[in-house]
Amino acid sequence: MWNHLARKYINQALKRGDIKGGNTSCKYYPCSFDKQDCTWCFCPFYPCLLSHGEFVMSPTGRRIWDCSHCRVVHEPEMAKNILKELKEKGRPIEEIERGEIIWTMRLIKPLRENYIFNRP
Ligand code: SF4
């Protein structure tokens, strides 16, 4: 099941047909790193539960997945790969299992690992 925000960004990207580039009009830009891509402003994989994140308590006491060290989806090359995979499925997002796309990330794991910030 996709998060509704993830679905929104996926549908926007599929409609646009390409990555968005850096959204320099966003007041948070760059929220991750210089020259980042903003296509996946809301990560389609959240919460991916992969090794580079961890559960933490939010200020309101909720248990949330903290992946603030991860830059994967903001790397332009990776953003393109994710969109390419989604396009190649050729089906509406409602018919695609989230796991199918997360599996895609495993296929490009070596690439992904180069994009993870070193944890402090
Ligand atoms: S990813 Fe989203 S919040 Fe971050 S700079 Fe881009 S548009 Fe702003």
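Description of the structure in this document. Along each chain, numbering runs from 1 in the same order as the chain's sequence is written. Given that this is a predicted model, residues contribute local features only at a pLDDT of at least 70 and side-chain atom pairs are listed and counted only at 80 or more, while totals for whole chains, interfaces and linings are drawn from all residues.

Comment: elements are numbered from the N terminus, with helices defined as DSSP H or I runs of at least four residues and strands as E runs of at least two. Counting secondary structure elements, the protein chain contains 4 helices and 2 strands. Helices (α) and strands (β) of the protein chain occur, in sequence order from the N terminus, as α-β-β-α-α-α. When the 120 residues of the protein chain are sorted by exposure, 20% land in the buried category. What counts as a contact here is a pair of residues whose C-beta atoms, placed from the backbone, lie within 7 Å. For the protein chain, the share of sequence-separated contacts (at least 6 apart) that also reach a separation of at least 24 residues comes to 58%. Exposure in this text rests on C-beta crowding, where 20 or more other C-beta atoms within 10 Å of a residue's own make it buried, 12 or fewer make it exposed, and counts in between make it partly exposed. The C-beta atoms are placed from the backbone.

In this section: the pairing of strand E2 (residues 63-66). Bridge count between strand E1 (residues 54-57) and E2: 4 bridges; the pairing is antiparallel. By the bridge assignment for E2, Val56 is matched with Ile64. Hairpin connection of E1 to E2: 5 residues between the antiparallel strands, including Gly61 at a positive phi of 85°. The criterion for strand pairing is that DSSP finds at least two bridges linking the strands in question.

Before going further, it helps to spend a moment on the site of the ligand. If you check the shell around the ligand, you find Asn23, Cys26, Tyr28, Tyr29, Pro30, Cys31, Cys38 and Cys41 and nothing else. Taken together, the residues of the shell around the ligand sort by class into 7 nonpolar, 1 polar and no charged. Using the backbone to place each C-beta atom, any residue with that atom within 6 Å of a molecule or strand is considered near it. By the convention adopted, Pro, Cys, Tyr, Trp, Phe, Met, Ile, Leu, Val and Ala count as nonpolar, Lys, Arg, Asp and Glu as charged, and the other residues, Gly among them, as polar.

Multiply 1.5 Å by the residue count of a helix minus one, and that product is the helix's expected span. Over its 14 residues, helix H2 (residues 76-89) runs 20 Å from end to end, which matches the ideal 20 Å to within 8%, given 1.5 Å per residue. The set of residues buried in H2 consists of Met78, Ala79, Asn81, Ile82, Leu83 and Leu86. Where H2 terminates, the next one or two residues include Gly90, which has phi positive at roughly 65°.

Here we come to the nonpolar core. Put simply, a nonpolar core is buried Ala, Val, Leu, Ile, Met, Phe, Trp, Tyr and Cys residues tied into one set by C-beta atoms within 7 Å. Formed by 14 residues in total, the largest nonpolar core has its most connected members in Trp40, Val73, Met78, Ala79, Ile82 and Leu83. For this core, the secondary structure elements donating two or more residues are helix H1 (4-16) and H2. Ranked by residue count, the leading element in this core is H2, at 5 residues. The contacts of Leu83, once residues within four sequence positions are left out, are Ala13, Ile19 and Thr39.

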